[in-house]
Amino acid sequence: MQNQLRIYNSLTRKKELFEPLNPPFVGMYVCGPTVYNDVHLGNLRTFLSFDIIYRYLKHLGYKVRYVRNITDVGHLESDADEGEDKIGKRAKLENLEPMEVVQKYANSFHRVTAEFNLLDPDIEPSAIAHIQEQIKMVGTLLEKGVAYEVNGSVYFDVKKYNEHEKYGILSGRKLEELMAGSRDLEGQEEKRSIVDFALWKKASPSHIMRWESPWSEGFPGWHLECSVMSTKYLGETFDIHGGGMDLKFPHHECEIAQSVGAYGKQPVRYWIHTNMLTVNGQKMSKSLGNSFLPQELFTGSHELLSEPYSPMTVRFFMLQSHYSSTLDFSDEALKAAKKGYKKMINGLVLAKKLQYKPEEGVEINAKAVEQTDRIIENIYRALNDDFNTAQAIAQLFNLLKKINSLSTGNLKFAEIGEETFSKVTSTYITIVEDILGLIEEKPAEVEGFIDIIIDLYKEAKQARDYDKVDELRAKLKKYGVVLKDMKDSIGWAYEE
Ligand code: AMP
Ligand code: ZN
């Protein structure tokens, strides 16, 4: 299966057979979150898409080193951004130390990824911990003649770079058009050209996040941390680099220019960009004020939601579309996803319970075997086709039909034989749990269930059915719950 995986490469704009540089090792770098506010569900969609890619590559037997950074320098948000100190600003607002801000939002991000069952990356480097390496890379770019210093700040010289290389290969933007399209350098007079971007910025007196460098006390530019950390942990050229579509330009374009400028090599073989989660067709974003926070979803407190939705419902909802399509977030879509998720999990519970029963006198039905084999093949075909989870889910529901037929007896076990039977159940379980990362969410209202058992216990007591009374006591005890007979009622407690 390994050599059948095809990935859409944003750099070549083609679907290509995945051939890692150094198999079975795969290096994958994903731009991580900025940690001066909470992640919203749009951000989550991107991280979830890479979670699937990571899981599937591992499933195929690759040894993946997955690096996802933490952007904690409070970086510039665009090339026109004059360096507002995002973390410093948030620290003042919340009356916290800047490092408390970083820790608070990194913790919150980790809680969210755990709730949605995202696997942890293998390395999670932070930009702050790599300032020295960033300073070194700025030095290299100056030495190579593709950067210049002005008043303690250093900029990448895009025109100079473009004399020998091609700026814009990833986004398809043309330098002449970029230059013609931008009006003036207002507020950015230091730059030789509007297309140049900051590698190092001299900090204004009020800027809190600042470090010593040969040029000034300042902070690194927006794009530098990812070039530095990906090179440090994955090498000058590595297999996969990803992020949301909105990072393609300028962030990833500039990363390419920095790495080619410093090391003379294309840094990445396969660029993967995920599409946006939208609300009423508009990109979900903090600045547009249309973002949903995970917490608003779990409590159902958002005005556009009619009820709370669980993390696995949302995970299922997101996986029902391919990562390269936009996905619109709505209450109706979530309602439908809630049903779909439950159906899939009922299948999971059944697949785990179902035992093969040999039936006398039933012959192998070649057509049934072929049909099930084809469904399994189609699941893998979908995943091998640029991680198409939408199609894989559709095929999984076909496999579920077979599992249901086996459980009701419409399809006899012996018709497909033991080998195909175990392939059916193991494929279903593996795809749902290991690759899609959908797990069974146990109902949170455990106490409600204990009350139901207490009612049965009371009934048994009244009927003086002491065997039943003992049995119910013993069953609850097995789960660490002890019943307490009180004067007028029955209480319970966790066994200590
Ligand atoms: P940020 O913390 O803003 O740098 O965003 C983290 C990741 O989320 C980046 O890869 C963004 O491209 C991605 N992202 C931001 N908004 C959305 C959205 N509405 N849908 C999908 N991904 C998004
Ligand atoms: Zn990045």
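Quick summary incoming for the structure in this document. This one's a predicted model, so the numbers in the text were calculated from it and none came from an experiment.

### Focus: the packing of helix 15 (residues 446–462) against helix 16 (residues 466–478)
Direction vectors running N to C along helix 15 and helix 16 enclose 155 degrees, while the axes themselves pass 8 Å from each other. Considering the angle they form, helix 15 stands roughly antiparallel to helix 16. Between helix 15 and helix 16 lies a crossing of left-handed hand. Along the contact surface, helix 15 presents Ile453, Leu456, Tyr457, Ala460 and Lys461, while helix 16 presents Tyr466, Lys468, Val469, Leu472, Arg473 and Leu476. Class assignment of the residues belonging to the contact of helix 15 with helix 16 gives a composition of eight nonpolar, no polar and three charged.

### Here's the deal with the sheet that holds strand 3 (residues 25–30)
With parallel pairing, the four strands of this open sheet are ordered in space as 4-3-9-10. Sheet topology places strand 4 (63–68) and strand 10 (268–274) at the edges, where each strand pairs with a single neighbour. Recorded for the sheet is a direction-independent mean angle of 20 degrees between the axes of neighbouring strands. Of the strand pairs in this sheet, strand 3 and strand 9 (residues 238–244) are connected by three bridges, and their pairing is parallel. Bridge pairing in strand 9 places Tyr29 opposite His241. Helix-sheet contacts for helix 7 (residues 224–234) involve strand 3, strand 4 and strand 9, and the interaxial angle to strand 3 is about 165 degrees.

Procedures and definitions
- Residues numbered from 1 in each chain as written.
- Chains lettered and ligands numbered in written order.
- Predicted model: local features only at pLDDT ≥ 70, side-chain atom pairs only at ≥ 80, totals over all residues.
- Heavy atoms only, no water.
- Axes fitted to C-alpha atoms, helices over the stretch in contact; angles between N-to-C directions.
- Helix = DSSP H or I, 4+ residues; strand = E, 2+ residues; numbered from the N terminus.
- Parallel < 35°, antiparallel > 145°, perpendicular 65-115°, else oblique.
- Left-handed = near helix turned anticlockwise from the far one by under 90°.
- Contact = heavy atoms within 4.5 Å.
- Nonpolar A, V, L, I, M, F, W, Y, C, P; charged D, E, K, R; others polar.
- Pairing = 2+ DSSP bridges.

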